[in-house]
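Structural overview for review
Listed here are the chains, written in short residue letters.
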Amino acid sequence: MGRDPNPERPATLAQWEAVFGSSPPPYMSVPFMQKALRYEAQCKALGGVPAGTKRALKRIATGEPVAASNSSSLRPGAQLVREWNGRTYQVQVVEGGFELDGKSWKSLSAIAKHITGATWSGPRFFGLNSRAGRP
């Protein structure tokens, strides 16, 4: 009988079973199990991945374009308004994208770059997340 090459394996297996309620898949390495256990503890402490992000990832996994998944909270007919260098820009949300000054755009980031001349996160530029208004 040989010894287990990693002396931490029995304790890690016991911790895995206590946290997940079942044995890990066969041949899973101790370092990987430890990372998974730390991630699970972090999710429990901090709440894990937000529900909206999980939904967007599921839509992307089914083949939906990333841009469509990112703007899921914006419905056709909504308007976004942003003032930049003394001019007010009004963006209309339309089916499949956005309109600005009669021109169609596939993403808010493309519009933000058009307006500013610099690369911006479109949702951030238009104030759709908590870091809005900062380059």
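Before reading on, note that the structure itself is shown above.
Here's what I pulled together on the structure shown here.

About the thresholds
Residues numbered from 1 in each chain as written. Predicted model: local features only at pLDDT ≥ 70, side-chain atom pairs only at ≥ 80, totals over all residues. Heavy atoms only, no water. Phe/Tyr/Trp six-rings, centres within 6.5 Å; stacked < 30°, edge-to-face > 60°. Lys NZ or Arg CZ within 6 Å of the ring centre and 35° of its normal. Axes fitted to C-alpha atoms, helices over the stretch in contact; angles between N-to-C directions. Helix = DSSP H or I, 4+ residues; strand = E, 2+ residues; numbered from the N terminus. Left-handed = near helix turned anticlockwise from the far one by under 90°. Contact = heavy atoms within 4.5 Å. Nonpolar A, V, L, I, M, F, W, Y, C, P; charged D, E, K, R; others polar. Buried < 20%, exposed > 50% of the residue type's maximum accessible area, 1.4 Å probe, protein only. Arc of directions from axis to C-beta. Pairing = 2+ DSSP bridges. Core = buried A, V, L, I, M, F, W, Y, C linked by side-chain atoms within 4.5 Å.

Below, the discussion takes up the packing of aromatic side chains. Going through the model one piece at a time under the given rule, you end up with five aromatic pairs. Between Trp120 and Phe125 the ring centres are 4.9 Å apart and the planes differ by 80°, which places this aromatic pair in the edge-to-face class. A cation sits over an aromatic face here: Arg82 above Phe125, 4.2 Å from the ring centre. Between Lys103 and the ring centre of Trp105, over which it is positioned, the NZ or CZ distance is 4.3 Å.

Once that is clear, we can look at the packing of helix 1 (residues 9-20) against helix 2 (residues 30-46). At a minimum axis distance of 10 Å, the contact between helix 1 and helix 2 shows a crossing angle of 35°. The interaxial crossing formed by helix 1 with helix 2 has left-handed handedness. Two secondary-structure elements touch here, helix 1 through Arg9, Thr12, Leu13, Gln15, Trp16, Val19 and Phe20 and helix 2 through Val30, Met33, Gln34, Ala36, Leu37, Glu40 and Lys44. Its residues assigned to classes, the contact of helix 1 with helix 2 comprises eight nonpolar, three polar and three charged.

Attention shifts here to helix 5 (residues 108-116). Every α-helix winds through 3.6 residues per turn, so residues three or four apart in the chain are directed the same way. Those residues of helix 5 not exposed but buried are Leu108, Ile111, Ala112, Ile115 and Thr116. Considered in projection along helix 5, the buried side chains sweep an arc of 115° and stay on one side of the axis. Summarising the contacts, the buried residues of helix 5 are in contact with strand 1 (79-84), strand 2 (87-94), strand 3 (97-100), strand 4 (103-105) and helix 6 (122-125).

Moving on to the pairing of strand 3. Where strand 2 and strand 3 come together, four bridges link them in antiparallel fashion. Paired with Val93 across the strands is Phe98, a residue of strand 3. Between strand 2 and the antiparallel strand that follows it, strand 3, lie two residues; Gly96 among them carries a positive phi value of about 85°. With three bridges joining them, strand 3 and strand 4 adopt antiparallel strand pairing. Looking at the pairing, Phe98 lines up with Trp105 of strand 4. Two successive antiparallel strands, strand 3 and strand 4, enclose a turn made up of two residues, where Asp101 displays a positive phi of approximately 50°.

This next bit is on the nonpolar core. Of all hydrophobic cores here, the largest spans 15 residues; its most connected members are Val91, Phe98, Leu100, Leu108, Ile111, Ile115 and Phe126. Broken down by secondary-structure element, the contributors of at least two residues to this core are strand 2, strand 3 and helix 5. The element that contributes the greatest number of residues to this core is helix 5, accounting for four residues. When near neighbours in sequence (up to four residues on either side) are disregarded, Leu108 contacts Leu74, Leu80, Val91, Phe98, Gly122, Pro123, Phe126 and Leu128. Listed in part, the five residues of the second largest apolar core include Trp16, Met28, Met33 and Leu37.

Any functional reading would require information beyond the geometric quantities listed.
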